[in-house]
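Structural overview for review
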Amino acid sequence: MEFCEVDVSIQMFAELFVHTLGFWWIILPAMLLGLIVGAIPGFSAANTIIILLPLTFAMEVEQGIVFMVALYASSRMGAGIPAILVNIPGTAGAAATPLDGYPMARAGLGQQALAMSFVASTAGGLLTTIIALIAMPWLAQVAFFMHSVEMIVVMLFGISLIATIAAKNTLKGLIAGLLGLMIGAVGTDFVYETPRATFGFLELYDGIPLVPALVGLFAVSEAFLVIEGESILTRRGKELMANPSWQATFEGVRMCAKRWWHVIWCSLIGLVIGVIPGAGASIASFVAYQQSRSFSKTPELYGTGHPEGLIAPESANNGVTSGTLVPLMVIGLPGGATAAIMLVVLEFHGVNFGPQLFSEQPEIGFGIFMAMAVTYLLMIFTILPLSRYMTKVTIVSTAFMAPVIISFTLVGSFVPREFGFDMGLALGFGVLGYIARRTNYHVAAILIGIILGPLLEGFFLRAIRMANGDLGVLFSSNIGNALWVALVVTVALPYLLDYLRKRRRQQKTM
Amino acid sequence: MLDETEADRPRKRALGAELVIPVGALVFTLYYFYTILESPWTAQASAFFIGTILIVLVLIFIGLTFRWVAKGEGDWSFHTLFEPHDYVKIRLGLLALTVGYIAVISFLGFTITTFLFLVLAMLLLNRGRRAKLSLTLAAILSVGGYLLFIVAFDTNFPEGPFEFLMNGIL
């Protein structure tokens, strides 16, 4: 195969693989660091790379790339660990993970859940890395076809998860989701920067910061709830956790392997969304979860600890990781914050992005994806055996766990902007989350609104302004229209399937 | 104490508690509308669209609540927010400590404030028991946090006397 005047062969990839494997001494510490920063709310691969910029500048260019990529990929996986074990997503990209991961952990299946999450993340990451390597020139074109109109529909795919959540209690689900959308619209407007619902706080002019909302709705509210029990485990969960064994890890691997098609499908959703600049892991994981539930034969099990509900967001958010690097490498357009920082570091080293990169410096052009593949391979072998020990967290007494969760996550909410205000905001969201959980309003629905609401508004206003106020622009592109049809189908399909199932059952009983 | 028949009876929904979020959403939406009344349409469009739907849904929920109360399916109580009752004081204590943590951290810095918060919160949740373990854990976690986040990661955590002292020594 020929790409950008470079003969791409299996032998070349094999040599590159062995060459990248030689950087294990950089990959392993970066991986450990990535897992830690990914697991702590407020920290992210992006701001860790910023902190370590002097280090990456001082390294050789290849070493710097391997370090950044390993840290980036492992932070994605790390974010899922606290999401599963203690219901606290490390980053917004893992916000859909606790929906089914945490109920599994509470039921004493934390080890299986972690193993599933690791395998889904690795398989999703590896698969999308390989696809990205092969289909890079074509994938990069996706970014050119996704304009504001198409992005509106992509956002609506994610937001329609609110309706999915609302299926259990329609009115409450919709109220929670719409409240999230209203909260997400706090701050100055996109065009004239008029302040809206800021309560006079300058700190809210940029909108509601995501980390305090995430910390409050998930971590703080959870900490105030779990103190009622000795541990977070249910009675059955305690029985299962009394005799931990390696068997549970293998069972998790098996559960994930059995759903291989699900991993492929959801990681591809992540890859395509990752390629689109401005989209990201949070959108991908919500869209993948919603898609997974829509096409499931057992949609009613989602949210109760269903393996597919865990596999979907975990494979999707790792699919995003390689996706964000595609436009960066091919057209020099970063797909996300971390990719943007990588751009700065690589430009400092004199790397010129674009198709010529693959012919002039293939060890960098292809090497960046190979570094990701090697990281995922090393990661699965090092982290999988640890799942048995990580689940011990679930048996820690809540009297010790709750204060640690509150203090460390509140400080985590201080880190991104260094405003003491954000810690108070996190506590405010904690109170909201506590009331919501106590009265059966889904905190995930509120969070989806807060994350996706402002993005949707931004794309909507841009599209409308470019069309001089003509709403018909929303249906003006072929890709957009195809996405609209897909959206309607996926939202309507579960209801249709449910109706057909009931009808078939009635016919059988007659 | 409840007699057996009363205890066996299914409990009514605490609709007062269930109304907290819808009423809060209603008040917030009205406040939002107030702040954008004189703004350009770009600031109003999506807020009016989403806000109006939210208000309609909240009004439907309030209407349904009156119906549920009339039918005897629920009452105006807030009991689900405060259950179990043994934990009300502990939960309020933890909330007060959390507010204190946020208020004091900018003066005392991460390490000292985290240590104090962890000790007091752990003692509160353990009802005064396991004091030695609480002290040890709080010390390990706060100093460990300092070493990991401030020393190793060079993160800008709130700094106070301990951090300034260590900056001078290191």
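Being a predicted model, the structure only gives us computed values, none of them experimental.

We now examine the overall build of chain A. Looking only at helices and strands, one finds 23 helices and 2 strands in chain A. For chain A, the spread of C-alpha atoms along the three principal axes comes to 65 × 65 × 60 Å. Expressed as a percentage of the 510 residues in chain A, the buried residues total 63%. Intrachain contacts of chain A at a sequence separation of at least 6 include 79% that bridge at least 24 residues.

So, on to the pattern of salt bridges. All names here are of chain A. Enumeration according to the criterion identifies 9 salt bridges over all chains in this entry. Note that arginine 196 is salt-bridged to glutamate 457, the shortest N-O span being 2.7 Å. Placement of arginine 196 in the loop between α8 (170-184) and α9 (210-226) and of glutamate 457 in helix α22 (residues 443-466) is noted, with a sequence separation of 261 residues between them. For the pair shown, arginine 196 and glutamate 457 are each scored as buried. Across the pair glutamate 222 and arginine 437 runs a salt bridge, and its minimum N-O distance is 2.8 Å.

Residues and elements named next belong to chain A. Using the criterion set out here, one finds 0 disulfides over all chains in the structure. Of all cysteine sulfurs, the one in cysteine 266 lies closest to cysteine 256, which takes part in no disulfide; the gap is 10 Å. Looking at cysteine 266, the relative accessible area reads 0%, which means it is buried.

Okay, the confidence of the model for chain B next. Where the model shows low pLDDT, its predicted coordinates should not be examined in detail. All names here are of chain B. Here chain B averages 88 in pLDDT, while 94% of its residues score no lower than 70. The spread of mean pLDDT over the elements of chain B runs between helix α1 (residues 4-8), the lowest at 49, and helix α4 (residues 88-125), the highest at 95. Overall, residues 1-6 carries pLDDT values under 50, and its contacts beyond four positions in sequence, including any with other chains, amount to 1 contact.

With 61 residues of chain A in contact, the opposing surface of chain B contributes 66 residues. Of all residues in chain A, Met182(A), Phe400(A) and Phe408(A) bury the most surface against chain B, accounting for 13% of the area lost on that side. Between chain A and chain B we count 2 salt bridges in total. Across the pair Lys172(A) and Glu18(B) runs a salt bridge, and its minimum N-O distance is 3.0 Å. For the interface between chain A and chain B, the tally reads 17 residue pairs in polar contact (both at pLDDT 80 or more). Going through the elements one at a time, α2 (24-39), α8, α9, α20 (398-414), α21 (420-438) and α22 of chain A are the ones with two or more residues in the side of chain A that touches chain B. Residue contributions to the side of chain A that touches chain B peak at 12 residues, all from α20(A).

To continue, consider the packing of α21(A) against α4(B). α4(B) packs onto α21(A) with a crossing angle of 160° between their chain directions and a minimal axis gap of 8 Å. Classified by the angle their axes make, α21(A) and α4(B) are roughly antiparallel. For α21(A) against α4(B), the interelement crossing comes out right-handed. On α4(B), the residues touching Gly420(A), Met423(A), Gly424(A), Leu427(A), Tyr434(A) and Arg438(A) of α21(A) are Arg91(B), Leu95(B), Thr98(B), Val99(B), Tyr101(B), Ile102(B) and Ile105(B). Its residues placed into classes, the contact of α21(A) with α4(B) shows 8 nonpolar, 3 polar and 2 charged.

This part takes up the domain arrangement of chain B. Examined at the domain level, chain B breaks down into domain 1 (4-81) and domain 2 (85-169). For domain 1 of chain B and domain 2 of chain B, the distance between their C-alpha centroids amounts to 37 Å.

A few words now on the nonpolar core. By size, the foremost hydrophobic cluster in this structure holds 224 residues, and its most contacted members are Leu71(A), Phe118(A), Leu325(A), Met329(A), Phe369(A) and Tyr32(B). For this core, the element with the most residues is helix α6 (residues 98-145) of chain A, which contributes 17 residues. The two domains that each donate at least three residues to this core are domain 1 (4-81) and domain 2 (85-169) of chain B. What Met329(A) contacts, discounting residues up to four positions off in sequence, is Met136(A), Phe353(A), Gly354(A), Leu357(A), Phe358(A), Ile364(A), Gly365(A), Ile368(A) and Phe369(A).

Analysis parameters
Residues numbered from 1 in each chain as written. Chains lettered and ligands numbered in written order. Predicted model: local features only at pLDDT ≥ 70, side-chain atom pairs only at ≥ 80, totals over all residues. Heavy atoms only, no water. Helix = DSSP H or I, 4+ residues; strand = E, 2+ residues; numbered from the N terminus. Buried < 20%, exposed > 50% of the residue type's maximum accessible area, 1.4 Å probe, protein only. Contact = heavy atoms within 4.5 Å. Salt bridge = Lys/Arg side-chain N within 4 Å of Asp/Glu carboxyl O. Disulfide = S-S within 2.5 Å. pLDDT = per-residue confidence, 0-100. Buried area = accessible area lost by both parts, 1.4 Å probe. Polar contact = N/O pair within 3.5 Å; in protein donor to acceptor, adjacent residues only side chain to side chain. Axes fitted to C-alpha atoms, helices over the stretch in contact; angles between N-to-C directions. Parallel < 35°, antiparallel > 145°, perpendicular 65-115°, else oblique. Left-handed = near helix turned anticlockwise from the far one by under 90°. Nonpolar A, V, L, I, M, F, W, Y, C, P; charged D, E, K, R; others polar. Domains from an automatic or database assignment. Core = buried A, V, L, I, M, F, W, Y, C linked by side-chain atoms within 4.5 Å.

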